[in-house]
Amino acid sequence: MEYITTPFGYLMKFCYNVFTNYALAIIVFTLLTKVILFPVAVWTHKNSIKLIKIQPQLNELKIKYFGEKDIISEKQLELYKKEKYHPLMGMVPMIIQIFLLICVIQIIYNPLTYILSFDKSTISQLITSVCNDFALDADSNSIQLSVVKAIQEGFALSGFEEYIAKIQALDMSFFGFDLSATPFSVGGKMLVVPFITGGSALLLSLFQNKANPLQAEQSKANTLFTNAVSVGISLVLGGFVPAGIGLYWICSNLFTMLQQVILNVIINPKKSIDYEHLNKTKEELKKLESIGTENSKENAKRSKADYKKFFSVANKHLVFYSEKSGFYKYYEKLIDYITAHSNVIIHYVTSDPDDRIFYIAEENDKIKPYYIDEKRLITLFMKMDADIVVMTMPDLEKFHYKRSYVKKDIEYIYAFHYLLSTHMVLNKGALDHYDTIFCISDFQIPEIRKQEELYHTREKNLVVAGYPLLETLYESYKASEQIDNETKTILIAPSWQEDNILDTCIDSLLDKLLGKGYNVIVRPHPEYMKRYQPRMNEIVKRYEEYNGNDLTFELDFSGNSSIYNSDILVTDWSGIAFEFSYVTLKPSIFIDTPMKVNNKDYEEIGIEPLEIKLRSEIGKRYNPDDLSSLWDDIQHMIEHKDDYSDRIEEIRNKYVSNFGTSSEVEGKYIIRQLIDKQKNGGK
């Protein structure tokens, strides 16, 4: 600390020599440090404004990818890089303040060294003499202050007259307050000091909440926490250290307020920040975040209890993880097979407190469900102790959720929740840390093997299983009443990704379809309604004169009858087209809105993704800017749907393996693996 403090000691000594007043030296020293470090303050101020300026974009990212924390983090870093914003710059003022405070503490505690500049030998002799007479601890932090006090109170020491004269001239009082005294030790009127120190911190906090562009955008909870911490630290500084340090802190707080005023004049935040746009995105995000928070306290208790219950169970062999209730459908037939053909207990972890699994488990004692919130889920994954974990969530190990640190030989199985390729929709390397992949069909094998070869990742166990959900949908469709619509029905079912049909060409699309004698149903993606309900409301309002006649907006997603009873489906890049066509054997229409591409390097795999390849095989594709032939083509496709049925069935059988027995393939594999692990002692 001596090397770090020395330059600031010279500055304090300079101030004292100029003004020959200890208190004034501290005040001027504080002001000079603000002046010297003003360029850093300007840089930090600009960085803060830059963050608030891009905050609307950050809010839009959080809205667009709501609930997908890993993607949000990735996109946020990309935005920071693009805008040249430095996240760690926000810590610079705090680091500088702590750094300066430590130096000031050293200077105030050691006036003989830093203000009077006595040599080490003289200081040592003075300390030894005073300690011998007063029985003081020479290693105490405040020993130099004790020496000053003893000499000023008349302690005589021959041979040091010149030094004693300088010490006696060092007036450490300020308006009747002893700046060398520790308020909580001496008591009396000195107890006013910590309250003034804390008051200055509170005043600064309240001022910054209005004047500092970054602090002004904090949430109320963060503001209250910051204020409380600041005042608390200030009370400690004002009470447990010499009052001279408290004076520095008070002046620093007051000068920071003046500095903020100057910064706002030089670089006015209001000229750079679109507050109207900012507030609009904040409100949209707030609405999303408020969904499902009514029972947050109860859910937190429930998650804590389920977390303990999960780890209280020894010898967990099989765990399924579900992101939310809607994901059970991907596991349903597999779980049914395992529970029907084995005694294996299934431990089902879900992040949805209202997951239907809790109701299903009431009827099936082989299923043990657990609700684990996202915070505890990170730790749960780290401490996972099962033999096999089945998941539909890609990017294991890439972001928050890691492979177990406790049990290294867990077999992690990835089950697809879509019917298509592996290298465009998924992030790059999304499957790298899985041990086994339940493939939809053979077409995924070269895709995965090529990625392993290209990126030098370990070879995974690829099980050609199929897609159980498709069988569930097909069985449900066959069991339902097959309606031959007297008035043909066109279903428009877009994705919720950026630039989908609803956001790009819904008006031109409806212009081609309405008033032609067909029923048109618009069924937005549930996620679109959740995130962008105001947009959907605007669309509904524009077409209120049609609604209920030949146009219906289906905003209730409790049933699927409209999907499978429609004569043709129109979508963009939603996987619903393949489920619709594979189940009903009816064709689909694809609007070529911008593709959903999570792996920008997908072309280096050298294999055309199935979601592109099949668009022209199970139906037709259209440029959203040229829909001139759309109506005629739809008429022809509906009237000649049998021409597509055989072709679509052939495509389905080619690209979906084991249709009708996929859950059996998956179930037998898992049961066999568990038996082998038991035979090999869990390895």
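Let me begin by describing the structure that accompanies this report.

1. Examining the packing of aromatic side chains
And then number 1: Evaluation of the coordinates by the stated rule reveals 30 aromatic pairs.
And then number 2: Put simply, the rings of Tyr307, Phe310, Phe311 and Tyr370 pair up and form one aromatic cluster.
And then number 3: Looking at Lys189, its charged tip hangs above the ring of Phe177, at a distance of 5.5 Å from the centre.

2. Some words on the pairing of strand S9 (residues 461-464)
And then number 1: Two elements, strand S8 (residues 436-439) and S9, share 4 bridges in a ladder whose sense is parallel. By the bridge assignment for S9, Ile437 is matched with Leu462.
And then number 2: Crossover connection from S8 via helix H20 (residues 444-455) to parallel S9: handedness right-handed.

3. Some words on a nonpolar patch on the surface
And then number 1: Together, Met1, Ile4, Leu88, Met91, Met94, Ile95, Ile98, Phe99 and Ile102 make up an exposed nonpolar region whose accessible area comes to about 830 Å².
And then number 2: With 5 residues, the single largest contributor to the nonpolar patch is helix H5 (residues 92-109).
And then number 3: A relative accessible area of 40% places Met91 in the partly exposed class.

4. Section: helix H2 (residues 22-36)
And then number 1: End to end, H2 covers 21 Å across 15 residues, agreeing with the expected 21 Å (1.5 Å per residue, within 8%).
And then number 2: Among the residues making up H2, those that are buried are Tyr22, Ala23, Ala25, Ile26, Val28, Phe29, Thr30, Thr33 and Lys34.
And then number 3: Against the buried residues of H2 lie helix H1 (2-19), helix H3 (38-64), H5, strand S1 (173-174) and helix H13 (243-266).
And then number 4: Two to three positions downstream of the cap, the backbone nitrogen of Ala23 sits 3.1 Å from a side-chain oxygen, assigning the N-cap of H2 to Asn21.

5. Section: the pattern of salt bridges
And then number 1: What the rule picks out here adds up to 23 salt bridges.
And then number 2: As a salt-bridge pair, Asp592 and Arg615 come within 2.8 Å of each other at their nearest N and O atoms. Within this pair, whereas Asp592 is found in the loop between strand S14 (588-591) and helix H27 (610-613), its partner Arg615 is found in the loop between H27 and strand S15 (619-622), the two being separated by 23 residues in sequence.
And then number 3: Arg615 sits in the buried class, given a relative accessible area of 1%.
And then number 4: Ionic pairing is found between Asp592 and Arg621, a salt bridge with its closest N-O pair at 3.0 Å. One end of the pair, Asp592, is in the loop between S14 and H27; the other, Arg621, is in strand S15, with 29 residues separating them in the sequence.
And then number 5: With a relative accessible area of 24%, Asp592 lands in the partly exposed category.

6. Quick notes on the sheet that holds strand S10 (residues 489-492)
And then number 1: The strand order S12-S11-S10-S13-S14-S15 describes an open sheet built from 6 strands, whose pairing is parallel. Each of the sheet's edge strands pairs with one partner strand only, and the pair in question is strand S12 (551-553) and S15. Strand-to-strand, the axes of this sheet are offset by a mean angle of 20 degrees, without reference to chain direction.
And then number 2: Inspection of the sheet shows S10 paired to strand S13 (residues 568-571) by 3 bridges, in the parallel sense. Note that in S13 the partner of Ile490 across the bridge is Ile568.
And then number 3: Set on the sheet, helix H26 (residues 576-584) makes contact with S13 and S14; between it and S13 the angle comes to about 165 degrees.

7. Here we look at the side chain of Glu666
And then number 1: Note that Glu666 resides in helix H30 (residues 662-679).
And then number 2: Although Glu666 lies buried, it forms no salt bridge, and the closest oppositely charged side chain, Lys333, sits 10 Å away as judged by the N-O distance.
And then number 3: In this view, Glu666 contacts Leu334, Phe438, Ala465, Gly466 and Pro468; residues no more than four positions away in its chain are not counted.

8. A closer look at the nonpolar core
And then number 1: Judged by nonpolar contacts, the single largest core of 100 residues is most densely connected at Ile492 and Tyr582.
And then number 2: Non-local contacts of Ile492, meaning those with residues more than four positions away in its chain, are made with Ile501, Ile506, Leu509, Leu510, Leu513, Val520, Ile521, Val522, Arg523 and Val570.
And then number 3: Counting residues in hydrophobic clusters, the runner-up holds 54 residues, among them Val28, Tyr109, Leu157 and Leu179.

Reading the values: the criteria
Residues numbered from 1 in each chain as written. Predicted model: local features only at pLDDT ≥ 70, side-chain atom pairs only at ≥ 80, totals over all residues. Heavy atoms only, no water. Phe/Tyr/Trp six-rings, centres within 6.5 Å; stacked < 30°, edge-to-face > 60°. Lys NZ or Arg CZ within 6 Å of the ring centre and 35° of its normal. Pairing = 2+ DSSP bridges. Helix = DSSP H or I, 4+ residues; strand = E, 2+ residues; numbered from the N terminus. Right-handed = clockwise from strand over helix to strand, strands pointing away. Patch = residues over 30% accessible without salt bridge, like charges linked within 9 Å, V, L, I, M, F, W, Y side chains within 5 Å. Areas by Shrake-Rupley, 256 points an atom, 1.4 Å probe, with all protein chains shown as cover. Salt bridge = Lys/Arg side-chain N within 4 Å of Asp/Glu carboxyl O. Buried < 20%, exposed > 50% of the residue type's maximum accessible area, 1.4 Å probe, protein only. Expected span 1.5 Å × (residues − 1). Contact = heavy atoms within 4.5 Å. Polar contact = N/O pair within 3.5 Å; in protein donor to acceptor, adjacent residues only side chain to side chain. Axes fitted to C-alpha atoms, helices over the stretch in contact; angles between N-to-C directions. Lys, Arg positive; Asp, Glu negative; His and termini not counted. Core = buried A, V, L, I, M, F, W, Y, C linked by side-chain atoms within 4.5 Å.

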